[in-house]
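# Structural characterization, general
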Amino acid sequence: MATAPGITEKFIEETLAHEQTSLWGDAWRRLRRNRLALASTVFLTLLILVAIVAQFWTPYTYYAEGIAPIYQGPSTQHLLGVDDFGRDILSRIMLGAQVSLKVGIGTQVIVIAVGVVVGLLAGFYRGFLDTIISTVINIFYGIPDLLVALTLVLLLGRSLGIIIFAIAFTQWMNMARLVRGQTLALREREFVEAARSGGAKANRIIFRHILPNALGPMIVQATIGVPMAILFEAFLSFLGLGVPPPTPSWGAMAADGFHAIRISPHIVLAPAIALSLTLMAFNFLGDGLRDALDPRQKR
Amino acid sequence: MFTRGALLYIGQRLVLIVFTAVAVSSIVFLGVHRLPGDALLNERRPDPAAEAALLHYYHLDLPLAQQYVRYLTGILHGDLGESYVNRGVQITPLLLREARVSAEVGAAAIAFTIGLGVVLGVIAAVRQNTWVDYLATTTSVIGYSMPNFVIASLLFLLFGVFLYQWTGGAVYYNSGWTGSWGTLDQIIVPGFALGFPYASIVARLTRASMLEVIRQDYVRTARAKGLTARIVIIRHALRNALIPVVTILGPLVIGIVTGSVVIENIFGIPGLGKEFATSILNRDYNIVIGLFTFYAIIIALANLLVDLLYTVIDPRIRY
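Worth saying up front: this structure is predicted, and the values here are computed from it rather than measured.

On a plain count of helices and strands, chain A comes out with 12 helices and 0 strands. Sequence-ordered secondary structure for chain A, helices as α and strands as β, is α-α-α-α-α-α-α-α-α-α-α-α. With respect to the principal axes defined by its C-alpha atoms, chain A has extents near 85 × 60 × 35 Å. Counting across all 299 residues of chain A, residues that qualify as buried make up 42%. A fraction of 68% describes how many contacts in chain A between residues 6 or more apart in sequence connect residues 24 or more apart.

Tallying secondary structure elements over chain B gives 12 helices and 0 strands in all. Counting from the amino terminus, chain B carries its helices and strands in the arrangement α-α-α-α-α-α-α-α-α-α-α-α. Buried positions account for 38% of the 319 residues belonging to chain B. Within chain B, contacts between residues separated by at least 24 positions form 71% of all contacts whose residues are at least 6 apart in sequence.

All right, on to unusual backbone geometry then. In this structure, Arg126(A) is a non-glycine residue whose phi angle is positive, near 45°. Within the secondary structure layout, Arg126(A) lies in the loop between helix H4 (89-125) and helix H5 (127-141). Residue class for Arg126(A) comes out partly exposed when judged on the 15 C-beta atoms lying within 10 Å of it. For Asn129(B), which is not glycine, the phi dihedral falls at a positive 60°.

Contact residues are listed per partner, giving 31 residues for chain A and 30 residues for chain B. Of all elements in the fold, only helix H6 (145-156), helix H10 (202-238), helix H11 (250-258) and helix H12 (266-293) of chain A reach the threshold of two or more residues within the side of chain A that touches chain B. Looking at the side of chain A that touches chain B, its residues break down into 23 nonpolar, 5 polar and 3 charged.

Glancing now at the environment of Leu155(A). Looking at the secondary structure, you find Leu155(A) in helix H6. Residues Leu155(A) and Ala185(A), 30 residues apart in the sequence, show an inter-C-alpha distance of 40 Å.

Moving on to the confidence of the model for chain A. When pLDDT is averaged across chain A, the result is 83; 93% of the residues are at 70 or more. When pLDDT is averaged over each helix and strand of chain A, the minimum, 66, is found for helix H1 (residues 9-19) of chain A and the maximum, 92, for helix H7 (residues 160-169) of chain A.

When we look at burial in H7(A), the residues that qualify are Ile163(A), Ile164(A), Ala166(A), Ile167(A) and Ala168(A). Packed against the buried residues of H7(A) are H4, H6, helix H8 (172-186) and H10 of chain A.

This next bit is on the packing of helix H6 (residues 148-166) of chain B against helix H7 (residues 184-213) of chain B. Residues and elements named next belong to chain B. Direction vectors running N to C along H6 and H7 enclose 145°, while the axes themselves pass 9 Å from each other. Seen from above, H6 lies across H7 with right-handed handedness. Facing H6, whose interface residues are Asn148, Ile151, Ala152, Leu155 and Phe159, H7 presents Val189, Phe192, Ala193, Leu194, Phe196 and Pro197. Of the residues belonging to the contact of H6 with H7, the class tally is 10 nonpolar, 1 polar and no charged.

Attention now moves to the confidence of the model for chain B. Residues and elements named next belong to chain B. With 93% of its residues at a pLDDT of at least 70, chain B reaches an overall mean of 80. Least confident of the elements in chain B is helix H2 (residues 48-57), whose mean pLDDT is 73; most confident is helix H4 (residues 91-126), at 87. Taken over the whole predicted complex, pTM reads 0.82, whereas the ipTM for its chain interfaces reads 0.77.

All names here are of chain B. Position of Asn286 among the secondary structure elements: in helix H12 (residues 285-313). For the pair formed by Asn286 and Ala125, sequence separation is 161 residues and the distance between their alpha carbons is 49 Å. Not counting residues up to four positions away in its chain, the partners in contact with Asn286 are Leu80, Gly81, Glu82, Ser83, Tyr84 and Ile91.

Turning our attention to the packing of helix H3 (residues 35-56) of chain A against H4(A). Residues and elements named next belong to chain A. At a closest axis distance of 8 Å, the pairing of H3 and H4 adopts a crossing angle of 115°. Relative to H4, H3 is oriented roughly perpendicular. Considering the relative orientation of H3 and H4, their crossing is left-handed. In contact with Leu47, Ile48, Val50, Ala51 and Ala54 of H3, H4 contributes Met94, Leu95, Ala97, Gln98 and Leu101.

Mapped onto the elements, Leu184(B) comes out in helix H7. Taking the C-alpha atoms as reference, Leu184(B) lies 10.0 Å from Val105(B); in sequence the two are 79 residues apart.

Conventions adopted
Residues numbered from 1 in each chain as written. Chains lettered and ligands numbered in written order. Predicted model: local features only at pLDDT ≥ 70, side-chain atom pairs only at ≥ 80, totals over all residues. Helix = DSSP H or I, 4+ residues; strand = E, 2+ residues; numbered from the N terminus. Buried ≥ 20, exposed ≤ 12 C-beta atoms within 10 Å, placed from the backbone. Contact = placed C-beta atoms within 7 Å. Nonpolar A, V, L, I, M, F, W, Y, C, P; charged D, E, K, R; others polar. pLDDT = per-residue confidence, 0-100. Axes fitted to C-alpha atoms, helices over the stretch in contact; angles between N-to-C directions. Left-handed = near helix turned anticlockwise from the far one by under 90°. Parallel < 35°, antiparallel > 145°, perpendicular 65-115°, else oblique.

Printed below as a string of structure tokens:
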């Protein structure tokens, strides 16, 4: 191999390596520059740690009642005060993080599974199948989602699994529509054409060429879906149809505290702030990921 | 204002809405009667004779097909049946009365959503990448990250508790609903809590589409011929920037309908949302089915209104 003097093999390799930063490496670099998204990542990491720690240790037993005078505000023994049953609020917030994260992530797992399959079927095979799927998706967009989730939980029973199912039931179409749109656009691209003329089967085109290219928007959609699911669970709990007690849920804690808001606002404020911060972190992270993964859309 | 074609289109849509309402109530009806928590049938009562009489009274002893036909006939006559819990209470007039209360709060919420959202969005776009923009953008993320019951709690603390303490009890907000029409403060505070999260979304959308529009040639032309920035923004740019905003008015109405379930409970407003929460917890299934039918009609009408709004805002669109 003839090369110009001074250009060693090593130099070529280094140059190539430098230019070929992957999409993900690029995205990570852009995400790190976004301070809000970075702060959100740190916050969410801490939240996950708290949820894990809560499994093994909380300052007090979360369901132990009367460990301090009821309605007592924050003190050194009870950093966030105690609630209307005299239970330690900090311990309950820690366990509530578990519920919120389980609901948020669990829902998205179902939403991704259903949305990807349905979206791919509609986008890749088009035709009659697409007509049916698109109609169903549009019907789901027209229904009052929260009310359907509420009714499902009421009819099927109150448990974490059913709540996750009910929320996913009202959210799958967001992912399905996104995957369908991506698939429709990607299947017309030249590289898919090339793969097809090379004799690739539908399976291979879908899993090797279409899905990997649709992954970015899907990740963004899932990140935005998590706070929506957490919000839904909080709504259900607030209305008394969430995770059954004594398992603490932020929504239910806020609902309990609301009755005593005049005398001890800390009971409602603690879960309200925890909830808002978590939702905010997910939303900022979602925004940051969108900007990082799709620089063309950058404002 | 409407051409013959437009009227025909509206007529078609109205017929479609009737079908949607029947379809929705059928699905909920069959769902409620088929799913595990079967209506009244599974609930235990002490006296078998009384139970039989009760089931007979509500025609629940008939086969499902017959019950369904009865229900459909009722719906087509505008009769949603009778409450399972409060016997003798007819559902249609009850819901109509509550719908007016919800409409008052909902209208305030929509006014906040659109007014606040558009103003924030326009300001952020015009002052792009200044601290005003960052403030407006950050506020909007905070806005839609706060559940409406959190906003409600904060408003209640501010106006109900702190204002009471500061003014020595002279001026303060008290939740509830006096008389059949609410007073202004009874409408505005819940309306704000209901509308604020959506105002944030509207603000984001307005900002994005405004940024696109103000770079268009016709906006530059308008500026070049000597119009002031204010007039160009309001008369030329905003009108086109609002088109994507109109698109989300449909989902917005759904959001306000579902949000009202929480907000009306918090503020003690006797509207459809409170009725929904109460009847679903009481397992008053007839009212639940009726409410879903009602909501389906409201949402369908709102969507029709949105489609008609397009023609107003963009004259190229015709039906």
